[in-house]
Amino acid sequence: MDEFKSCHLDYVPENILIDVLSFLSVRELVRAGRVCKRWKRLVKDQRLWRFVDLTAWKGVTSRILWVLLRQYLGCGLRCLWLRGLLLSARGGTFLSESWLKALSTKCPRLSKLYLLHADLRSLPSCQVLPPSLLVLELRGCELPRGFFNQALPTSPAQERAEATSSVSAQQQRRDPKRKRLDSPSGIPIETLVLNNVPSFTDQHLESLTSWERLSRLELRDTFRVTANGLRSCAAKDGTCGVEGLSRLKFLEIGITGRQGYQLQMASLGLGAGWLGLEELSLGGKEVGPGLLCASRLKDLKRLCLWACTLSEMQIVRSCRMLRGLHQLEFLDVTFQPRQGPQVVEGEGGGEEEEQDGEEAAGEENSNDDNKTPDMNDPIPSLRRSLAVLLPSCTLVFTNCSIQINAD
């Protein structure tokens, strides 16, 4: 017993202590570093700073960001989540260009950046972000007009510097082994997610056509994107080859929010076709017009429909031209009841509750009414119809329901 009384944290191996500290939040982790010198050294271990989430820490200012960057963040950082001051009563500048440059230098392996309620209008362009970023997600942010432009506004000093570096540029062209990402004008971001960004317009969408590595684009509640803007950015054959977002493989368009906004029906821009687009996700009010134009996508292999209300007839008519579809997914979809023939008295046994036929057949001690599948249930009939139209397509139903009529 005396041996157990003398045991304390000094006898615990450091690897176990680091595993215990990994369950703490960033704020609690900083406080734990004030316990003793040993804990201060352990808290700065880069294994604890691979995934940093600061969205739950309210009141994070630029001063706190500088302290975290100078004392804790380092080469181990992979993903960073930040909450801005756009909805804060204090306001003020949250992300500065100098802090982002310091972040690029000290955290060269940062691959994902998530910004929530951040005011980015003080930044000249997205090129001030770390060049190692592969995923950029913006939610509820404010953007300047030329945020996604490749070229930064150059000053006379920068022009003189570019003139003196012309010799080195020629050497880079001669060397075929040199990576293309070394040039400052390249944006290596592969995934861009925009969620409830009201300042995102067709002009921003047009700027994305200069991104050479963008393969995944998600537009959720971007009310100012129109069908003409999407049509002008679609990948199509031009005089100099494929123009537009030629490397895009995944596109998501969804409008599920606010009342009072004029519905632009941006998914109608898919009617002009899109070369190379393999995956399409439609949500909310964009599902109806998007299904009308999905047949023009020759390379489409996967289609996801979410947060909408559909009928069996609407789905079957839209999928007749999608012969090359490999997967069709329904997520949070409400199906309208199937308009079947009326049941004659004595044959159907009266009214039935709307439930899946398989569940009704598996129940014991059930009534005769529940032993037969519901004729108004569209899901079994939809499976049979799509199996004939798309024999090589996989159907996925996740959290779907059936609308119940008052009648």
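Worth saying up front: this structure is predicted, and the values here are computed from it rather than measured.

## Quick word on the side chain of Ser267
Counting through the fold element by element, Ser267 comes out in the loop between β9 (250–255) and β10 (279–284). Judged by relative accessible area, Ser267 falls into the buried class, the value being 0%. If we ignore the near neighbours within four places in the chain, the residues touching Ser267 are Leu230, Ile253, Leu282, Glu286, Pro289, Gly290 and Cys293.

## Observations regarding the packing of helix α12 (residues 312–319) against helix α14 (residues 378–389)
Contact geometry for α12 and α14: axes closest at 10 Å, N-to-C directions at 10°. With respect to their mutual orientation, α12 and α14 come out roughly parallel. Facing Glu312, Ile315, Val316 and Cys319 of α12, the residues of α14 in contact are Pro378, Ser381, Leu382, Ser385, Leu386 and Leu389. Of the residues that constitute the contact of α12 with α14, the class distribution is seven nonpolar, two polar and one charged.

## Describing the nonpolar core
Judged by nonpolar contacts, the single largest core of 101 residues is most densely connected at Phe148 and Trp274. What Trp274 contacts, discounting residues up to four positions off in sequence, is Leu230, Cys233, Ala234, Ala235, Leu245, Leu248, Leu251 and Leu297.

## With respect to the packing of aromatic side chains
Counted by the stated rule, this structure contains seven aromatic pairs. Within the aromatic cluster, the residues linked to one another by ring pairs are Phe147, Phe148, Phe200 and Trp211. Cation over ring: Arg216 sits above Phe250, and NZ or CZ is 3.7 Å from the ring centre.

## Re the environment of Val26
The topology assignment puts Val26 in helix α3 (residues 26–32). Taking C-alpha positions, Val26 is 9.2 Å from Ala56, a pair spaced 30 residues apart along the chain. Beyond its immediate stretch of four places on either side in the chain, Val26 contacts Trp49, Val52, Asp53, Leu54, Trp57 and Leu68.

## With respect to the environment of Leu268
Relative to the elements of secondary structure, Leu268 occurs in the loop between β9 and β10. For the pair Leu268 and Pro289, spaced 21 residues apart in sequence, the C-alpha separation works out to 5.7 Å. Beyond its immediate stretch of four places on either side in the chain, Leu268 contacts Ala227, Arg231, Pro289 and Cys293.

## Examining the pairing of strand β6 (residues 216–220)
Judged from the five bridges that link them, strand β5 (residues 191–195) and β6 form a sheet pairing that is parallel. Among the inter-strand pairings, Val193 is bridged to a residue of β6, identified as Glu218. Taken together, β5, helix α9 (residues 202–207) and β6 form a β-α-β motif whose crossover is right-handed. The pairing of β6 with β9 spans five bridges and is parallel. Paired with Leu217 across the bridge in β9 is Leu251.

## Details of the side chain of Glu286
On the secondary structure map, Glu286 appears in the loop between β10 and α11 (287–293). Look at Glu286: it is buried, it has no salt bridge, and the nearest opposite charge is Lys285 at 9.4 Å. Here Ala266 takes part through its backbone nitrogen, which lies 3.2 Å from a polar atom of the side chain of Glu286.

## What about the environment of Leu303?
Note on placement: Leu303 falls in strand β11 (residues 302–310). Residues Leu303 and Glu252 lie 51 residues apart in sequence; the distance between their C-alpha atoms is 9.9 Å. When neighbours within four sequence positions are excluded, Leu303 is seen to be in contact with Leu280, Leu291, Leu322, Leu325, Gln327, Leu328 and Glu329.

## Here's the deal with α12
Those residues of α12 that fall on the buried side of the exposure criterion are Glu312, Ile315, Val316, Ser318 and Cys319. One face of α12 carries all of its buried residues, which in axial projection span an arc of 165°. Check the buried side of α12 and you find it contacts α11, β11, β12 (327–335) and α14.

## Description of the pattern of salt bridges
As enumerated under the stated definition, the model contains nine salt bridges in all. Here Asp119 and Arg121 are joined by a salt bridge, their closest N and O atoms 2.8 Å apart. Classification of Asp119 by relative accessible area gives partly exposed; the value is 28%. Through salt bridges with shared partners, one network takes in Arg216, Glu218, Arg220 and Glu252.

## Looking at unusual backbone geometry
In this structure, Asp221 is a non-glycine residue whose phi angle is positive, near 55°. Since its relative accessible area comes to 11%, Asp221 is described here as buried. Even without glycine at this site, Ala307 takes up a positive phi of about 55°. Residue placement: Ala307 occurs in strand β11.

## As for the pairing of strand β2 (residues 79–83)
Where strand β1 (residues 51–53) meets β2, three bridges bridge the pair, whose relative direction is parallel. Looking at β2, one finds that Val52 is bridged to Leu80. Relative to strand β3 (residues 112–116), β2 runs parallel, the two sharing five bridges. Within β3, the residue paired with Cys79 across the bridge is Lys112.

## Some words on the packing of helix α5 (residues 62–71) against helix α6 (residues 97–106)
Contact geometry of α5 with α6 gives a least axis separation of 11 Å together with a crossing angle of 20°. The angle between the axes of α5 and α6 places the two elements in the roughly parallel class. Judged by the twist between their axes, the crossing of α5 over α6 is left-handed. Packed against α5, whose contacting residues are Leu65, Trp66, Leu69, Arg70 and Gln71, the element α6 presents Ser98, Trp99, Ala102, Leu103 and Lys106 at the interface. Of the residues assigned to the contact of α5 with α6, the class counts are six nonpolar, two polar and two charged.

Quick notes on the rules
Residues numbered from 1 in each chain as written. Predicted model: local features only at pLDDT ≥ 70, side-chain atom pairs only at ≥ 80, totals over all residues. Heavy atoms only, no water. Helix = DSSP H or I, 4+ residues; strand = E, 2+ residues; numbered from the N terminus. Buried < 20%, exposed > 50% of the residue type's maximum accessible area, 1.4 Å probe, protein only. Contact = heavy atoms within 4.5 Å. Axes fitted to C-alpha atoms, helices over the stretch in contact; angles between N-to-C directions. Parallel < 35°, antiparallel > 145°, perpendicular 65-115°, else oblique. Nonpolar A, V, L, I, M, F, W, Y, C, P; charged D, E, K, R; others polar. Core = buried A, V, L, I, M, F, W, Y, C linked by side-chain atoms within 4.5 Å. Phe/Tyr/Trp six-rings, centres within 6.5 Å; stacked < 30°, edge-to-face > 60°. Lys NZ or Arg CZ within 6 Å of the ring centre and 35° of its normal. Pairing = 2+ DSSP bridges. Right-handed = clockwise from strand over helix to strand, strands pointing away. Lys, Arg positive; Asp, Glu negative; His and termini not counted. Salt bridge = Lys/Arg side-chain N within 4 Å of Asp/Glu carboxyl O. Polar contact = N/O pair within 3.5 Å; in protein donor to acceptor, adjacent residues only side chain to side chain. Arc of directions from axis to C-beta. Left-handed = near helix turned anticlockwise from the far one by under 90°.

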